[in-house]
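Residue-level structure breakdown
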Number of protein chains: 2
Amino acid sequence: MPVEVLQQAAAEMTDWRGSGMGVMEMSHRGKEFIGIYEQAVADLRALLAIPSEFRILFMQGGGIAENAIVPLNLSRAGRVDVAVTGSWSQKSAAEAQRYCSVNVACDASAQDFRDVPSPAQWRLSADASYVHVCTNETIHGVEFHELPDLRALGSNAPLVIDFSSHVLSRPVDWSRVGLAFGGAQKNIGPAGVTLVVVREDLIGHALPICPSAFDYATVAKHDSMYNTPPTFGIYMAGLIFQWIQRQGGVAALQARNIAKAQLLYDFLDQSAFFENRVSPAWRSRMNVPFFLKDESRNEAFLAGAKARGLLQLKGHKSVGGMRASIYNAMPLEGVQALVDYLREFEKEQA
Amino acid sequence: MPVEVLQQAAAEMTDWRGSGMGVMEMSHRGKEFIGIYEQAVADLRALLAIPSEFRILFMQGGGIAENAIVPLNLSRAGRVDVAVTGSWSQKSAAEAQRYCSVNVACDASAQDFRDVPSPAQWRLSADASYVHVCTNETIHGVEFHELPDLRALGSNAPLVIDFSSHVLSRPVDWSRVGLAFGGAQKNIGPAGVTLVVVREDLIGHALPICPSAFDYATVAKHDSMYNTPPTFGIYMAGLIFQWIQRQGGVAALQARNIAKAQLLYDFLDQSAFFENRVSPAWRSRMNVPFFLKDESRNEAFLAGAKARGLLQLKGHKSVGGMRASIYNAMPLEGVQALVDYLREFEKEQA
């Protein structure tokens, strides 16, 4: 989280802008919180250029809950297509099977998720309710730099994207999207808020077993307040949206994210000591898994990193190695500090 | 929220106790947040004297989501009993019907929810998966001061209580309870955290259509971290638990809540101008709906209240009149200020 955002939240904790109460004390139906909520929705709509035919919903349960909530709302045809490109989409496919038949449109597990079959090669169903894609696989470091154009691929199904771990890091081509969802805890900030952006024609078709609190029609009708929303989390998300505006918007963050990722990948690719194993066309700008070619030096590497304040570099246990997560809030200087350490460690150990 | 708790949260916002990061920046898998989580669970267990055979879960979606999540987890026998004693239990009964057959064990709607049939008169099923009771009906101001003893009533089903709006205002007789749930936004504080306390033998029987993120077995197995938990909300709940300890614990709050409620009801009962219409045995200590006998003076009453800083007194639209919510954080002095205003308004208008 940007420190200036945390400082603002601290300053407003007991008295939000002269209202005499903190955000956590506000009724979600009072005019103060309604104002905070509407500003957050409007700012997000502007930042991501979300067209008017899409509704913006704030929900709860994170991306993992949406793995069930999406099919509970959208799978009425009984069949969905899922592109399996890493751990997250693998989980999405497994969860959707509780509610409908799942066609695996592509499966990159045989390549250890280091590459993704071109969408032109995917096996899409004629009658799918939707096609699910995780556009940034946090654990495997795989990102779609362009969204699949389903119509060009012969599918009339809406595209559902899980953009949890790279939301607001780049613009979204909404002409290719039916629904986008994401937990807020990566680029937005507070855990406990789930963002859902859904085209209006996809609302109102939930299965009868869908809980009311997770039926997009109910949530949309009540402006995300059918159940009490996570008020403080929505307020914090709003502060992040304003911070992004001050950074120059999403395009400016995208340019910065491209520069950050290039700095790190360029170093890894020329190194004799470290490597990233993801096919260059699919490398994530948010999550960069990398390996020491001599893995016996992993512990020494992590100890040296910690001594420099470079934390949370250990890779996910399912992949091993290292992983640098370089979300929006990470400045270029932070990536430079990591590359400096990688270079010195390599020189020292060579 | 107690102001000292908000001040503590503000002071720790950018640096939690020398860790170099704020709670909102912590990984939920890091040792700092795990410590915060474990302390909150231990403090809550001590405050409410929760026996070891119960698991404490922090979930998301509030009481309204639990109206679906409870039957998704517990209704395997296909039938549940619900005591309909106000708006909240009415909603619970309607939602459960998505998943099982619902037997209305009692229905107080014919009495406008001003009274509750004695549990001895309830029509309990022989084969119910559970019996659902909302132990404090926020809108109608109806509270169970004693939990029904289902075994004494001839039912072997576990009792499920929705204690959202009076949790931590008094002790709980766990020998009569199978599962208790509550949204945190009344007596605990931060919206977006749902508390579930469930006896271990009731875990592990979810219907196949239950989303993984809401399956108590999955949540319990992962210590509430199968999906990313609402970390900041759990931290705030923990601060409230410590505040309750400093107040002398739940028994001390109960004594204070009894005194607060008695002060207000005693005034209303002797007044010729105001009235509470709930049967005395069922009056809530948290939510006190009351009416001006001459309702044409409602607007003048609310305007005078606002001028004194007595806010949020308008009753729920389904009931009308006025409502005073006197949760744990409301001191006796706050109730005294309300009674003083009621007395003066009555004298002035008489």
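Counting of residues starts from 1 at the beginning of each chain's written sequence and follows it residue by residue. Here chains are named by letter from A upward and ligands by number from 1 upward, in the order in which they appear as written. Reporting in this predicted model follows two pLDDT cut-offs: at least 70 for local features of residues, and 80 or more for side-chain atom pairs to be given and counted; totals over whole chains, interfaces and linings ignore these cut-offs and use all residues.

Overview of the overall build of chain A
Numbered from the N terminus, helices here are DSSP runs of H or I no shorter than four residues, and strands are runs of E no shorter than two. Across its full length, chain A carries nine helices and 12 strands. Put simply, the radius of gyration uses C-alpha atoms, and a globule should come to 2.2 Å times the residue count raised to 0.38. Computed over the C-alpha atoms, the radius of gyration of chain A is 21 Å, within 12% of the 20 Å expected from 2.2 N^0.38 for a compact globule of 350 residues. Along the first, second and third principal axes, the C-alpha set of chain A runs to 60 × 55 × 30 Å. Field definition: a residue is buried when 20 or more other C-beta atoms are found within 10 Å of its C-beta, exposed when 12 or fewer are, and partly exposed for counts in between, with C-beta atoms placed from the backbone. The buried share of chain A, reckoned over its 350 residues, is 50%. Note on contacts: each residue gets a C-beta atom placed from the backbone, and two residues are in contact if those atoms are within 7 Å. In chain A, of all internal contacts separated by at least 6 residues, the share reaching a separation of at least 24 is 67%.

Focus: the sheet that holds strand 9 (residues 194–199) of chain B
Residue and element names in this part refer to chain B. At least two bridges found by DSSP between two strands is the condition for calling them paired. Read from one edge of the open sheet, seven strands run 1-9-8-7-4-2-3, paired in mixed fashion. At either end of the open sheet lies a strand with only one pairing partner, and these are strand 1 (54–59) and strand 3 (101–107). Ignoring strand direction, the axes of neighbouring strands in this sheet form an average angle of 20°. Sheet strands touched by helix 3 (residues 62–74): strand 2 (79–84), strand 7 (159–162), strand 8 (179–183) and strand 9. Its angle to strand 8, the strand with the most contacts, is close to 150°. Sitting on the sheet, helix 4 (residues 87–96) is in contact with strand 2, strand 3, strand 4 (131–134) and strand 7, with an inclination near 160° to strand 2. Angles run from 0 to 180 degrees between N-to-C directions of axes, and those axes are lines fitted to C-alpha atoms, restricted for helices to the stretch in contact.

Examining the interface of chain B and chain A
Every contact between the two is made by 42 residues of chain B and, on the other side, 42 residues of chain A. Those elements that provide at least two residues to the side of chain B that touches chain A are helix 1 (3–11), helix 3 and helix 6 (231–247) of chain B. Broken down by element, the residue count for the side of chain B that touches chain A peaks at five residues, all from helix 1 of chain B. Gly is put with the polar residues, along with every residue not named as nonpolar or charged; the nonpolar set is Ala, Val, Leu, Ile, Met, Phe, Trp, Tyr, Cys and Pro, and the charged set is Asp, Glu, Lys and Arg. Partitioning the side of chain B that touches chain A into residue classes produces 21 nonpolar, 18 polar and three charged.

Structural notes on the domain arrangement of chain A
Residue and element names in this part refer to chain A. Each domain of chain A was delimited in the assignment, giving domain 1 (3–247) and domain 2 (250–349). A separation of 27 Å is found between the C-alpha centroids of domain 1 and domain 2. Only strand 6 (142–143) and helix 6 (231–247) provide two or more residues apiece to the side of domain 1 that touches domain 2. Partitioning the side of domain 1 that touches domain 2 into residue classes produces eight nonpolar, 10 polar and five charged. Domain start and end points were adopted from an automatic or database domain assignment.

Re the sheet that holds strand 10 (residues 274–275) of chain B
All names here are of chain B. Pairing in this open sheet of three strands is antiparallel, and the strands run 10-11-12 from one edge to the other. Two strands in the sheet have a free side with no partner beyond their single neighbour: strand 10 and strand 12 (322–325). Sheet topology places strand 11 (residues 287–292) next to strand 12; four bridges connect them, and they run antiparallel. The residue bridging Val288 from the neighbouring strand is Ala324, located in strand 12. Against the sheet, helix 7 (residues 249–270) touches strand 10, strand 11 and strand 12, its axis set at about 20° to strand 11.

Thoughts on the pairing of strand 3 (residues 101–107) of chain A
Residues and elements named next belong to chain A. Here six bridges tie strand 2 (residues 79–84) to strand 3, and the two strands are oriented parallel to one another. Residue Asp81 lies in a different strand from strand 3, and its bridge partner there is Asn103. Taking the sense of rotation as the criterion, the β-α-β connection linking strand 2, helix 4 (residues 87–96) and strand 3 turns out right-handed. Here is how to tell: hold the view so the strands point away, follow the path from the first strand over the helix to the second, and if it runs clockwise the crossover is right-handed.

As for unusual backbone geometry
Unlike most non-glycine residues, Ala49(A) shows phi in positive territory, near 50°. Tracing the backbone shows Ala49(A) in the loop between helix 2 (31–47) and strand 1 (54–59). When the 12 C-beta atoms within 10 Å are taken as the criterion, Ala49(A) is described as exposed. For Asp223(B), which is not a glycine, the phi torsion comes out positive at approximately 50°.

A closer look at the relation of the copies chain B and chain A
Superposing the copies works by least squares over the C-alpha atoms of residues that have pLDDT at least 70 in both of them. Structural alignment of chain B on chain A gives an RMSD of 0.0 Å, achieved by rotating through 180° and translating 0.0 Å along the axis. Such a combination of turn and shift is consistent with a two-fold rotation axis. No C-alpha of chain B lies nearer the rotation axis than that of Ala10(B), which sits 2.1 Å from it. Of all interface residues in chain B, 100% are interface residues in chain A too; the two copies therefore contact each other through one and the same surface.

A few points about helix 1 (residues 3–11) of chain A
Residue and element names in this part refer to chain A. Along helix 1, the residues that are buried comprise Val5, Leu6 and Ala9. For helix 1, the buried positions fall inside an angular range of 100° around the axis, keeping them on one side. Turned more than 90 degrees off the buried face of helix 1, the exposed positions are Glu4 and Ala11. On its buried face, helix 1 sits against helix 6. Directions pointing from the helix axis toward each C-beta atom define the arc.

Re the confidence of the model for chain A
The quantity known as pLDDT measures the predictor's confidence residue by residue, on a range of 0 to 100. Of all residues in chain A, 100% have pLDDT values of 70 or greater, and the mean over the chain is 96. Across the predicted assembly, pTM comes out at 0.96 and ipTM at 0.95.

Considerations on the packing of helix 3 of chain B against helix 4 of chain B
Helix-helix packing is characterised by the crossing angle of the two axes and by the distance between the axes. Residue and element names in this part refer to chain B. Helix 4 packs onto helix 3 with a crossing angle of 45° between their chain directions and a minimal axis gap of 9 Å. Our classification of the angle between helix 3 and helix 4 gives oblique. Seen along the crossing, helix 3 lies across helix 4 with a hand that is right-handed. Together, Asn67, Ala68 and Pro71 of helix 3 and Lys91, Ser92, Glu95 and Ala96 of helix 4 make up the contact between the two elements. A breakdown of the residues in the contact of helix 3 with helix 4 according to their chemical character gives three nonpolar, two polar and two charged. Throughout, the term roughly parallel applies to angles under 35 degrees, roughly antiparallel to angles over 145, roughly perpendicular to angles from 65 to 115, and oblique to all others. For a crossing to be left-handed, the near helix must be turned anticlockwise from the far one by less than a right angle; the clockwise case is right-handed.

Let's talk about the environment of Leu153(B)
All names here are of chain B. Following the sequence through the fold, Leu153 ends up in the loop between strand 6 (142–143) and strand 7. Its 15 C-beta neighbours within 10 Å are what place Leu153 among the partly exposed residues. Between the C-alpha atom of Leu153 and that of Gln121, which follows or precedes it by 32 residues, the distance is 9.1 Å. In contact with Leu153, other than residues within four places in its own chain, are Pro119, Ala120, Trp122, Leu124 and Pro148.

Concerning the pairing of strand 1 of chain A
Residues and elements named next belong to chain A. Taken across its six residues, strand 1 has five buried, putting it largely inside the fold. Sheet topology places strand 1 next to strand 9 (residues 194–199); six bridges connect them, and they run antiparallel. Across the sheet, the residue bridging to Met59 is Thr194, located in strand 9.

Points about the packing of helix 1 of chain A against helix 6 of chain A
Residue and element names in this part refer to chain A. Running from N to C, helix 1 and helix 6 cross one another at 135°; their axes reach a closest spacing of 10 Å. When the axes of helix 1 and helix 6 are compared, the pair comes out oblique. Of the two possible hands of crossing, helix 1 and helix 6 adopt the one that is right-handed. Of the residues in helix 6, those touching helix 1 at Glu4, Val5, Gln8 and Ala9 are Met236, Leu239, Ile240 and Trp243. Of the residues belonging to the contact of helix 1 with helix 6, the class tally is six nonpolar, one polar and one charged.

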